[in-house]
Amino acid sequence: MKNSTTYVTSKLLPGKAELLRLHTFTRWMSRDLMQAAADFCRNLGFTPVYSECSPDHTTRYLFWRLPQGALTEVRSGRTKDKFEEFDRANHEKKFRLLSLHINESDVYSAVWISSDHHRTAKAFLKAHGITPAERHDA
C-alpha cells in the first residue's frame, strides 16, 4: 500500500514584504541561465530558499546565505512524481521541506534543508512574506 503524503505549498503573502520581495527575488530566468545563476551564487555562499517556475518555463529564486553547517537540496521544474521521489529521499536524510511552489501546469519547485537549520530558514522566509511549505504523512 502506498503511503499518502500531503503537502501545503508556500504562499507569497500580501503586505509590506511585497516590496522587499520585489528587490530580492532574481529576475525570471530561462533554464539555461538558471543553472549558471545558481552556480554563481553558490560560489558566493548563497543558495535558493524559495524557487518558482512560471507557466512559460522561466524560474526565479530567493537566495540566502546559509548558516555554517546547513545543507540544502533545490529542485525546480519537476513533475509531481519526480518531486515525490526527491521528497522521499530527503525525508530519509532527515531534511525538512522548506518551500514548495506548484505552478498552473503542475510543475513543482522545492527546497529542502537540514533539520537543524529549518527554524532559522523559516524565519528568513517569514521576513520576506513567504510561508514555509508543510509535509503531512497520513
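Above this text is the structure in question.
Everything numeric in this text was worked out from a predicted model, so none of it was measured.

Trainee: Is there a simple way to think about the pattern of salt bridges in this case?
Mentor: Where charged atoms from two side chains of opposite charge approach closely, those side chains can pair. Inspection of every chain in the model, using the stated rule, returns 7 salt bridges. Here Glu-85 and Lys-82 are joined by a salt bridge, their closest N and O atoms 3.2 Å apart. Taken together, the residues Glu-85 and Lys-82, both in helix α3 (residues 80–92) and 3 residues apart, mark about one turn of the helix. Residue Glu-85 is classed as partly exposed on the basis of its relative accessible area, which comes to 41%. Arg-135 is the salt-bridge partner of Asp-137, the closest N and O atoms lying 2.6 Å from each other. Among the residues examined, Asp-137 registers a relative accessible area of 44% and is labelled partly exposed. Among the residues examined, Arg-135 registers a relative accessible area of 23% and is labelled partly exposed. What emerges from the salt-bridge pattern is a single network uniting Glu-73, Arg-75 and Lys-93.

About the cut-offs
Residues numbered from 1 in each chain as written. Predicted model: local features only at pLDDT ≥ 70, side-chain atom pairs only at ≥ 80, totals over all residues. Heavy atoms only, no water. Salt bridge = Lys/Arg side-chain N within 4 Å of Asp/Glu carboxyl O. Helix = DSSP H or I, 4+ residues; strand = E, 2+ residues; numbered from the N terminus. Buried < 20%, exposed > 50% of the residue type's maximum accessible area, 1.4 Å probe, protein only.

Purely geometric stuff here, so don't read any function into it on its own.
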